[in-house]
Amino acid sequence: MRTDTPQAIKLADYRPPAFLIDEVHLTFDLQPNATRVKAELKVRRNGDHREPLKFNGERLKPISVAIDGRALGDGEHSIDAEFLTIPGAPDAFTLQTEVEIDPDANKALDGLYMSAGRFCTQCEAEGFRKITWWPDRPDVLSRFTVRIEADKAFHRLLANGNLMDSGALPGGRHYAVWNDPFPKPCYLFALVAGELDVLEDKLVTMTGRTVDLRIYVDPGMAPRAAYAMDALKRAMKWDEDTFGLEYDLDLFMIVAVRDFNFGAMENKGLNIFNSSLLLADPETATDLDYERIESVVAHEYFHNWTGDRVTCRDWFQLCLKEGLTVFRDQSFSADMRGHAVQRIKDVKALRARQFSEDQGPLSHPVRPNSYLKIDNFYTATIYEKGAEVIRMLKTLIGDQAFRKGMDLYFERWDGHATTVEEFIRCFADTSGQDLKAFFAWYEQAGTPAVEMRQTYDAGRRELTLEFTQSTAPTPGQPTKQPLPIPVTVGLLDAEGRTQAFVRDGQAVDETVVVLDGAKTKVTLSGVDEPPVVSALRRFSAPVKLTSDAEAKDRYLLLAGDPDLFNRWEAGQELARELILARAADRADEVGEERYAEAVGRALADQAADPAFKALLLMLPSEPDLALAMSPADPAAIHEARDALRMRLSVHLTDELRRLHNGLQEMGEFSPDAAGAGRRALRNAALDMLAANPRAEIGELAFGHYQAAANMTDAMGGLSALGSIGGERFETALSDFYERWKAEPLVVDKWFAIQARDPSEGALGRVMGLTAHPAFESKNPNRLRALVQTFAAFNPVRFHDPSGAGYRFLADQIIATDGFNPMTAARLVEPLGGWRRYKPELGQLMKAELERILAHPGLSKNVFELVTRSLDSDGAGSN
């Protein structure tokens, strides 16, 4: 185990940088095992700071250090495993250094490393210190000029900004010089060198400038980048139309790489993407892949302004760029794919990832106040909850004030690093509202619980709504304060029609009630008959809402609430109650039959969007249900959920068969929302049919797989066969692998579908797959496809009573930590929630966490998450 205790970095300890770097010239002599990096930095002291120069540097072999051309002797500087220190640095000078690094040996995939024979970089959050000595923090912004020299076998030499010069060198080598005119923090530095194909296009901006667009991919893969290029052009146009933001360079580039710890990286002018989020065609990518490509391409492009042009002062402000940019990409996706369907998908993701995070030992505020490794805070709280906070802000101050606040933010902070406080101040200034109380959303962890009680006075035609809010203690925050919570409310009558009412003297169909204390009461007048309340429409705040409404009200909402999110939500609540009741040995068979009938009516609605009906047909997931059961019993949840699936399958067989037959793809494949929606409903119908594994259903699923003309339907058939199991599933798996074994992204899907195997032999299958020739433990995509999918999305087998699933995951964490701490740490979370489960399971999970902690040489990344998970008094860092 670690013999030292890493020291936390705290927001309260922030100090401005002692030195600033106005300009940097980097020269890379690229060699796979011995790359030389020369750096020439124009350095100056920042104000009255008098401390020694202390620049970060890790895994660097020093060659030379000089100031203004004079080499420094041993007594004038010192170098250790983490820093270059120069005690007597002058106030302004040129620092010249040269180091050697080994990209090929870099399996952590941060800094400069090799992927499929190409050089590439990942510098966020602290990777640049593995390239050269530098004050590796986001509030040091510099103008970069980069010269790359390499063998001509590395055909493309790419870096940030605009290409200034290129040419041949002796010895079969060549060079390229790039300049980025915009100051940026070092985490946005990027370099790529290798043999790549390119897809090229152009876009004319709103001011008439022509921007060259290039997407670099593996040789032969350029056609698969076409959808990403289309998404990029739509995102650029959307940002101009929605926020008035125009791209600022003459060239925008994206590069796809196979080995990547993240999804993508917004390096200024040179985005680097995990290839799984860039490459698509109908034969190899599912509709979900297309959606994610569209969203992530937009997200990384939107960072050009929210992250690059305006960046964060320190890593505690990470939500300033990530939460805001997620809000922007979600808004873009809603405009592209439909607001209601996109909102449901976004909330499903929020609940699956962030609500779980908030209920466990890794809970932290949107802006944390301490960390050991910032890599561990690229979380759903920072991203998804951060986006929800922005959405609430817009709801509270209105669209016009929000847009003016965004404009003011860019006007004040373009070219600078700033804080969440300054961001919120812009909206306070444009709206005239006091937003001090709202700021608590950034500082307080946890998911608020909101309870709504309603009283109708027929004589006075008044409806009184009483709300109470509370937030459970989280690590380091035992006491919580009330938050301003916007709750959007509408009313329906007994027939499901919209019922108007009066608030503040105005007749309205909908209103926003702002909960500004522990208790809030509001009275709506002009309510002609007892209403059915539709509350938290469009999920207006990231809270858990309960009410005293009867089940019949939820059935009415499910049948016809004009707010489609609440219509879907009513169905989810009904299903959740039925499943949890059965899991607690209180099965309500009459209620289950009524629910099946209601779902059948919804599926028969010819006016409803197929994508929406597909979402209605999906029951709450087993991980989501575990959050609502205390203590959670994964086996009971699995059995109860399967029972409701069986009832739906039997009751709705005819309707499900009709949908499956009627939605068969006849024309040319289109990845648009309409086509994706039809395929989603057809595959959802097949999945529900497979819950009743009769022989003819197995034949239907196998035929579906064999007839599939696209990857979406192939995976739909394979998934249905997986839930049934048996010989047909094994035959389809073998066929799938033989057909696609040369396609890494498709093979990832093959591993993932087996990791979800619900049968009792699932763990043995997964363990066996770790020895498969195609399993690459050092490739994050492949590791996540098998190991993370099993631990996070196959709860009944992961939580095997023997504890074997926990031992398997712990073994994988320990092994991965030896070469890629960032990826290893992301595997800890399934064990971290051990307190939520039955004691006999929780203790086994805890034992594995303790075994991980005792392992010698544990990284800071894994050490931080394991110690926080084991923390008994909830006092861990946040």
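Residues numbered from 1 in each chain as written. Predicted model: local features only at pLDDT ≥ 70, side-chain atom pairs only at ≥ 80, totals over all residues. Heavy atoms only, no water.

## Remarks on the overall build of the protein chain
- Of the regular secondary structure elements, the protein chain holds 28 helices and 33 strands.
- A compact globule built from 878 residues should have a C-alpha radius of gyration of about 29 Å, and the protein chain, at 28 Å, falls within 12% of that.
- If you line up the protein chain on its principal axes, its C-alpha atoms span 90 × 65 × 60 Å.
- Across the 878 residues in the protein chain, those meeting the buried criterion constitute 60%.
- For the protein chain, the accessible surface area stands at approximately 33,000 Å², while carbon and sulfur atoms represent 50% of it. (Helix = DSSP H or I, 4+ residues; strand = E, 2+ residues; numbered from the N terminus. Rg over C-alpha atoms; globule rule 2.2 N^0.38 Å. Buried < 20%, exposed > 50% of the residue type's maximum accessible area, 1.4 Å probe, protein only. Areas by Shrake-Rupley, 256 points an atom, 1.4 Å probe, with all protein chains shown as cover.)

## Things to note about the sheet that holds strand β20 (residues 264-265)
- Taken in spatial order, the 5 strands make up an open sheet running β17-β18-β19-β21-β20, and their pairing is mixed. Edge positions in the sheet fall to β17 (197-204) and β20, since each has one partner strand and no second.
- As defined by bridge partners, strand β18 (residues 210-217) adjoins strand β19 (residues 251-257) across 5 bridges and the pair is classed as parallel. Looking across to β19, one finds that Tyr-216 is bridged to Val-255.
- Contacts between helix α2 (residues 287-302) and the sheet are confined to β19, β20 and β21 (270-274), with β21 contributing the most and set at about 150° to the helix. (Pairing = 2+ DSSP bridges. Contact = heavy atoms within 4.5 Å. Axes fitted to C-alpha atoms, helices over the stretch in contact; angles between N-to-C directions.)

## Re the pattern of salt bridges
- Inspection of the entire model under this criterion finds 86 salt bridges.
- When the shortest N-O distance is used, the salt bridge between Arg-44 and Asp-22 registers 2.7 Å. Of this pair, Arg-44 sits in strand β3 (residues 35-45) while Asp-22 sits in strand β2 (residues 19-29), placing them 22 residues apart in sequence.
- You can call Arg-44 partly exposed: its relative accessible area is 34%.
- When the shortest N-O distance is used, the salt bridge between Glu-266 and Lys-321 registers 2.7 Å. Within this pair, whereas Glu-266 is found in the loop between β20 and β21, its partner Lys-321 is found in helix α3 (residues 318-337), the two being separated by 55 residues in sequence. Comparing Glu-266 with Lys-321, the two get one shared label, buried. (Salt bridge = Lys/Arg side-chain N within 4 Å of Asp/Glu carboxyl O.)

## Notes on the environment of Gly-386
- Relative to the helices and strands, Gly-386 resides in helix α5 (residues 380-397).
- The class for Gly-386 is buried, based on a relative accessible area of 2%.
- As for Gly-386 and Pro-365, which are separated by 21 residues in sequence, their C-alpha atoms are 9.4 Å apart.
- Every residue in contact with Gly-386, bar those within four places of it in the chain, is listed here: Gly-323, Val-366 and Thr-381.

## A few points about the nonpolar core
- Within the largest apolar cluster, 290 residues are counted, with the highest numbers of intra-cluster contacts made by Phe-28, Phe-189, Phe-423, Phe-438, Tyr-442 and Tyr-595.
- Residues contacting Phe-423, with those up to four places away along its chain left out, are Leu-320, Leu-324, Ile-390, Leu-393, Met-406, Tyr-409 and Tyr-442. (Core = buried A, V, L, I, M, F, W, Y, C linked by side-chain atoms within 4.5 Å.)

## Things to note about the confidence of the model for the protein chain
- Per-chain confidence: the protein chain averages 97 in pLDDT, with 99% of residues scoring 70 or above.
- Counting interchain partners and residues more than four positions distant, the pLDDT-below-50 stretch residues 873-877 has 10 contacts. (pLDDT = per-residue confidence, 0-100.)

## As for the environment of Val-366
- Along the chain, Val-366 falls in the loop between α4 (339-358) and β23 (370-371).
- When its relative accessible area of 0% is taken as the criterion, Val-366 is described as buried.
- Through-space distance from the C-alpha of Val-366 to that of Tyr-247 is 29 Å; in sequence the pair is 119 residues apart.
- Discounting residues that sit within four places of it in the chain, Val-366 has contacts with Cys-319, Thr-381, Ile-382, Lys-385, Gly-386, Val-389, Trp-441 and Tyr-442.

## Points about helix α6 (residues 399-413)
- Relative to the 21 Å expected for 15 residues at 1.5 Å per residue, α6 spans 21 Å between its end C-alpha atoms, a close match to the ideal helical length.
- Listed in full, the buried residues belonging to α6 are Ala-401, Phe-402, Gly-405, Met-406, Leu-408, Tyr-409 and Phe-410.
- Residues of α6 that are buried make contact with α1 (226-243), β22 (310-312), α3, α5, β24 (416-418) and α7 (420-431).
- Positive backbone phi, at 85°, marks Gly-415, one or two positions downstream of α6. (Expected span 1.5 Å × (residues − 1).)

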